[in-house]
Amino acid sequence: MTFLVNYLVLGEAGLATARRLQAELGGVIHGYGKRVQGANIRPFDDVAATLRNCFAAGQPLIALCAAGIVIRHLAPVLSGKHDDAPVLALAEDGSAIVPLLGGHHGGNDLARRLGKVLNTAPAITTASDTAFAIALDEPPAGWRLANPLDMKAFVSELRAGVAVRIEGEAAWLHASALPQADDGTLRITIADAPLLGDGRHLVYHRQILALGVGCERGVEQEELIGLINETLTAENLSPLSLAGIFSLDLKTDETAIHAAAAHFDIPARFFDVAALLAQESRLANPSDAVKAEVGVSGVAEAAALAAADSGGGALAVEKRKSQRATCAIARADDIIDPAVLGAARGHLAIVGIGPGRADWRTGAAEAAMRQADIIVGYGLYLDLIADLTADKDCRAYNLGEEEARVATAIEMAASGQNVALVSSGDAGVFAMGALAHELLDRDDTPGHWDRISLELLPGISAMQAAALRVGAPLGHDFCAISLSDLLTPREVILRRIVAAAASDFVIAFYNPVSKRRRDLLALARDLLLRHRPEDTPVILARNLGRANEMVTALPLSELQVDDVDMLTLVMVGSSETRARLRGDGSWSVYTPRGYAAKQTVLTKEA
Ligand code: SAH
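Model, not experiment: these values are computed from the prediction.

Colleague: Before we move on, could you go through the pairing of strand β12 (residues 242-248) and cite the residues and values that matter?
Modeller: Successive residues of a regular strand alternate their side chains across the two faces of the sheet. When you tally the buried positions in β12, you get 7 out of 7 residues, the bulk of the element. Bridge count for strand β11 (residues 209-215) against β12 is 4 bridges, and the pairing is parallel. Pairing of L211 across the sheet is with I245, part of β12. Pairing geometry for β12 and strand β13 (residues 268-271), over 4 bridges, is parallel. Residue pairing across strands places F246 opposite R269, the latter belonging to β13. In this view, the connection linking β12 to its parallel neighbour β13 by way of helix α9 (residues 255-264) has right-handed handedness.

Here it is in structure tokens:
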């Protein structure tokens, strides 16, 4: 296994141990602040962020500190045990080695290697490991255990000294410390057929079958899954032997194919026409009608063959049809790795990162950014999420390059990648979200763009952040107006200001000024003063959730353009909005919902 080990050293005492290990295994030492310094040490100050970044990078992490520190900081970002990269806690002097996570993903092996270097027995706690140096319940990539529920019984028989007969080829099992014998009464079988197994008989499947599918647009997922199940049953094949579901790239956004992929817990991958045409001479059931429609004489057979091709594959099951779908299966000699075949359906997450503070982001937005391979955004915003992006391919753009930025993000997603396009605040409020949809909606949009999956993750918008800093000014009807005249004609902006003023809305002004444009805000103030009292509260909120945050309230008549810059949100109260300085100097600005007035009326009526 090749990997880059990260060592996290919190105190000087751990450094010597980390250096010893680094000399044997290589890797990078991260040292805490001023306490751990020296040549080739990457300094860090934020323990939690560094732990999480190293973990998110999917590389083994060796933390020379108390296990509790690691557990506490990583707990919020843990996923399933199948995804976890190895994490080990080591006593600073190397006297204890505890694999905490990812034991079966190299963590236990790594612990044993560290144990040899440090002459310490690792504290390996996973069940089958302790006895036989093998993880029967988590076989290597491309292998699946058919009856995991029987594992416990099987392992206790093993522990009791019963020998195993291995039926079929499995180098990882043969090479293990399992007690093997041709007349063993425990059995392990390697099969393509759907065998049941039991507490004395484990069944493994190799993922050597490629499932090719074709279908009409909009076919029901039940039909496709039903066809696949019938085919597997008729041919006596286990679904666990399937490595992936494959089709033509025109089908990248076909819901039923993704539903089938999820149902059988395999990835969906898509080939272009050229890749399928390369299989054309091998098709058992070529069809002129299909050729006329999509450019290749059969999608299901060609996709199955293309997927199994590198493993010397041949058609195992010819095309079978339901009313609106087809499927075929090819068998490779070796395990198929779908990750290198064709392309996945790309994903574009349009993410609002909130105003700036990490703890004002939504959990869903953070998760989307952690999952992304590529992060696209304005440079300042990328700085605000630096704690999440250490291991990412980040593409920073300058202000004003919005269209190029969004087009690039879509194109990268359309080529099969997982891309996060980040905006400050909420991505749907005066931000990239609308532009992304607009680009996808244009007539000249490349056809493959619209096949990506799109996800929108909410963020706290500047007006919400401004409001909560001072109280509840958005407590009654409000509107938001951008004063940017780059994309909106000034007359339209002015008309909206007048309408909002006359309707007594609380107004959140975004983009109140730019370097070039400073007059609209003064005009807005003067228009508003025709409808609202001079002492109507105005909130100026600058750099919300960032360093140098400044929030203040003042009367409308005192609003000066020079007090406002591009990073300010200006909120003007309605005629009902009240502002009060509290005893501790904080503001209480709120717009009542009218309960007090109602109460009075009720009292009077009573
Ligand atoms: N999508 C963003 C708005 C982007 S428009 C959101 O939902 O908040 C840019 C304008 O938003 C700025 O000119 C400013 O008026 C406001 N803004 C964005 N972030 C801000 C912050 N952290 N503090 C104050 N105003 C902010």
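Colleague: Provide a residue-level description of the packing of helix α18 (residues 490-502) against helix α19 (residues 519-529), including the pertinent values.
Modeller: Contact pair α18 / α19: the axes reach a minimum separation of 9 Å and the direction vectors enclose 30°. Here α18 lies roughly parallel to α19, going by the angle between them. The handedness of the crossing between α18 and α19 comes out as right-handed. In this structure, α18 uses R490, I493, L494, I497, V498 and A501 to contact α19, whose residues at the interface are D519, L520, L523, A524, L527 and L528. Looking at side-chain class alone, the contact of α18 with α19 contains 10 nonpolar, no polar and 2 charged residues.

Colleague: Break down the domain arrangement of the chain for me, citing the residues and quoting the values.
Modeller: Interfaces are often sized by the amount of accessible area the parts lose when they come together. Segmentation of the chain into domains returns domain 1 (6-125), domain 2 (143-206), domain 3 (210-340), domain 4 (347-460) and domain 5 (463-590). Centre-to-centre separation of domain 1 and domain 5, based on C-alpha positions: 50 Å.

Colleague: Could you give an account of the sheet that holds β11, with specific residues and numbers?
Modeller: The mixed open sheet is built from 5 strands, whose spatial order is β13-β12-β11-β15-β14. What marks the edges here is a single partner per strand, and that holds for β13 and β14 (314-321). Averaged over all pairs of adjacent strands, the angle between their axes in this sheet comes to 25°, without regard to strand direction. Where β11 lies against strand β15 (residues 325-331), 7 bridges are found, and the strand directions are antiparallel. Paired with G212 across the bridge in β15 is A328. With respect to the sheet, α9 is in contact with β11, β12 and β13, its orientation differing from that of β13 by roughly 135°. This element, helix α12 (residues 299-308), spans β11, β12, β13, β14 and β15 of the sheet and lies at about 150° to β11.

Colleague: Please give an account of the environment of V290 that cites residues and values.
Modeller: For V290, the location among the structural elements is in helix α11 (residues 288-294). Owing to a relative accessible area of 25%, V290 belongs among the partly exposed residues under this scheme. The residues contacting V290, other than those within four sequence positions of it, are G295, V296, S297, G298 and V299.

Colleague: I'd like to hear about the site of the ligand, residue by residue, with values.
Modeller: What surrounds the ligand is a group of 20 residues, the closest being V429, S461, A462, M566 and T568. At 2.9 Å, a backbone N or O of L544 approaches a nitrogen atom of the ligand. Within the contact set of the ligand, a nitrogen atom lies 3.4 Å away from a side-chain nitrogen or oxygen of R546. Broken down by class, the residue content of the shell around the ligand amounts to 12 nonpolar, 6 polar and 2 charged. Here the shell around the ligand gathers at least three residues from each of two domains, domain 4 (347-460) and domain 5 (463-590).

Colleague: Describe the nonpolar core, and please don't skip the residues or the numbers.
Modeller: Formed by 26 residues in total, the largest nonpolar core has its most connected members in L211, V213, L224, I228, I245 and I257. Mapped onto this core, the elements with two or more residues apiece are β11, α8 (221-234), β12, α9, β13 and β15.

Colleague: Can you tell me about the packing of aromatic side chains, naming the residues and giving the values?
Modeller: A complete count under the given rule lists 6 aromatic pairs for this structure. A centroid spacing of 5.6 Å and a plane angle of 40° characterise the contact between Y32 and F44, whose relative ring orientation is tilted. You can see Y32 sitting in strand β2 (residues 28-32) and its partner F44 sitting in strand β3 (residues 41-44), a full 12 residues away along the chain. Residue classification places Y32 among the partly exposed residues on the basis of a relative accessible area of 24%. A residue is classified by how much of its surface remains accessible, and F44, at 7% relative accessible area, is buried.

Calculation criteria
Residues numbered from 1 in each chain as written. Predicted model: local features only at pLDDT ≥ 70, side-chain atom pairs only at ≥ 80, totals over all residues. Heavy atoms only, no water. Buried < 20%, exposed > 50% of the residue type's maximum accessible area, 1.4 Å probe, protein only. Helix = DSSP H or I, 4+ residues; strand = E, 2+ residues; numbered from the N terminus. Pairing = 2+ DSSP bridges. Right-handed = clockwise from strand over helix to strand, strands pointing away. Axes fitted to C-alpha atoms, helices over the stretch in contact; angles between N-to-C directions. Parallel < 35°, antiparallel > 145°, perpendicular 65-115°, else oblique. Left-handed = near helix turned anticlockwise from the far one by under 90°. Contact = heavy atoms within 4.5 Å. Nonpolar A, V, L, I, M, F, W, Y, C, P; charged D, E, K, R; others polar. Domains from an automatic or database assignment. Near = heavy atom within 4 Å. Polar contact = N/O pair within 3.5 Å; in protein donor to acceptor, adjacent residues only side chain to side chain. Core = buried A, V, L, I, M, F, W, Y, C linked by side-chain atoms within 4.5 Å. Phe/Tyr/Trp six-rings, centres within 6.5 Å; stacked < 30°, edge-to-face > 60°.

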